[in-house]
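# Examination of the molecular architecture
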Amino acid sequence: MSAFSRIAQSPGLAVPVLLLWTLGWALASAEEPADDVRKGRALYVSQQCWQCHGHEGQGGVAGNRIAPTRYPYEAFARLVRFTNLMPAYSPKVLSDEQLRLIYAYVRSMPEPPPLEEIPELDFD
Ligand code: HEC
């Protein structure tokens, strides 16, 4: 008798086995953050972007919201390299490769929900 038919014939085993299989499948298919996003987040922290733009790029007292960014990479890089109010990051301080990784992180952030869908902001 195969393992599969043994499980199928004993309902006591089938339920936990099915639950484990479902759990395993759910964990395996959960989206892993891409390696670039992970590295980009580490750079975002070490390069101090969070100090002004917040840890999730949500914006703060000193810097505006930058995530999720809608800029194509070229525009994003230009804003970081040649800015006005922000300290500019030259390629000597932040390489193009590092900037690309930060861009991957900032781009990976999910869109916030529409204001109407945030119960705390419903004053009616
Ligand atoms: C000292 C505070 C500070 C730090 C640190 C900082 N920023 Fe900024 N950033 C700003 C401010 C202020 C602006 C608005 C600049 C302006 O309008 O001229 C800005 C603007 C930007 C913009 C343009 C946003 C827009 O829509 O116009 C991007 C992109 C950006 N920052 C990315 C970054 C990244 C990436 C880092 C880290 C490598 C970083 N910033 C670090 C303060 C900061």
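Here goes a summary of the coordinates provided. (Residues numbered from 1 in each chain as written. Predicted model: local features only at pLDDT ≥ 70, side-chain atom pairs only at ≥ 80, totals over all residues. Heavy atoms only, no water.)

Each helix and strand in the protein chain was counted, giving 6 helices and 0 strands. Going from N to C terminus, the protein chain has its helices and strands arranged as α-α-α-α-α-α. In the protein chain, which comprises 124 residues, the share counted as buried stands at 23%. Nonlocal contacts in the protein chain, meaning residues at least 24 apart in sequence, comprise 51% of its contacts between residues at least 6 apart. (Helix = DSSP H or I, 4+ residues; strand = E, 2+ residues; numbered from the N terminus. Buried < 20%, exposed > 50% of the residue type's maximum accessible area, 1.4 Å probe, protein only. Contact = heavy atoms within 4.5 Å.)

What follows deals with unusual backbone geometry. The omega torsion of the bond from A67 to P68 falls at -5°, within 30 degrees of zero and hence cis. As for its position among the elements, P68 is in the loop between α4 (49–53) and α5 (73–81). The backbone of Q48 shows a phi angle near 75°, a positive value even though the residue is not glycine. Locating Q48 in the fold gives a position in the loop between α3 (35–46) and α4.

The next point concerns the coordination of the iron atom of the ligand. Those donors, H53 (NE2) and M86 (SD), are the protein atoms that reach the iron atom of the ligand, and they lie 2.0 Å from it. Each of the 6 donor atoms around the iron atom of the ligand contributes to a set of angles spanning 85 to 179°, which defines the coordination as octahedral. Of this pair, H53 sits in helix α4 while M86 sits in the loop between α5 and α6 (96–108), and the two are 33 residues apart along the sequence. For H53, a relative accessible area of 10% corresponds to the buried category. For M86, a relative accessible area of 27% gives the class partly exposed. (Donors = N, O, S within 2.8 Å, 3.2 Å for Na, K, Ca; no water. Tetrahedral: all angles 85-135°; square planar, octahedral: opposite > 155°, others 65-115°.)

For the rest of this paragraph, the subject is the side chain of R81. For R81, the position within the fold is in helix α5. Polar contacts involving the side chain of R81 include one to the main-chain carbonyl oxygen of Y89, which spans 2.7 Å. Looking at R81, its side chain comes within polar contact range of the main-chain oxygen of S90, at 3.4 Å. Discounting chain neighbours no more than four positions away, the residues touching R81 are A88, Y89, S90, P91, L94, S95, D96 and L99. (Polar contact = N/O pair within 3.5 Å; in protein donor to acceptor, adjacent residues only side chain to side chain.)

We now examine the side chain of H53. Reaching out from H53, the side chain makes a polar contact with the backbone oxygen of N64 at a distance of 2.8 Å. Non-local contacts of H53, meaning those with residues more than four positions away in its chain, are made with Y44, Q58, G59, G60, G63, N64, I66 and M86.

Every α-helical turn comprises 3.6 residues, leaving residues that sit three or four positions apart pointing alike. Within the span of α5, buried status applies to Y73, F76, A77, V80 and R81. For α5, the angular spread of the buried residues around the axis is 125°, confining them to a single face. Away from its buried face by more than 90 degrees, α5 exposes E74 and R78. Each element contacted by the buried residues of α5 is listed here: α6. (Arc of directions from axis to C-beta.)

Empty space within the largest pocket amounts to approximately 630 Å³. As for the largest pocket, its lining consists of 26 residues, and the residues nearest its centre are H53, N64, I66, T83 and M86. Those elements giving two or more residues to the lining of the largest pocket turn out to be α4, α5 and α6. A class-by-class count of the residues in the lining of the largest pocket yields 17 nonpolar, 7 polar and 2 charged. (1 Å grid on protein atoms, 1.4 Å probe; cavity = no way out; pocket = protein on both sides within 12 Å on 5 of 7 lines; lining within 4 Å. Points joined across faces, edges and corners; volume = space filled by probe spheres on them. Nonpolar A, V, L, I, M, F, W, Y, C, P; charged D, E, K, R; others polar.)

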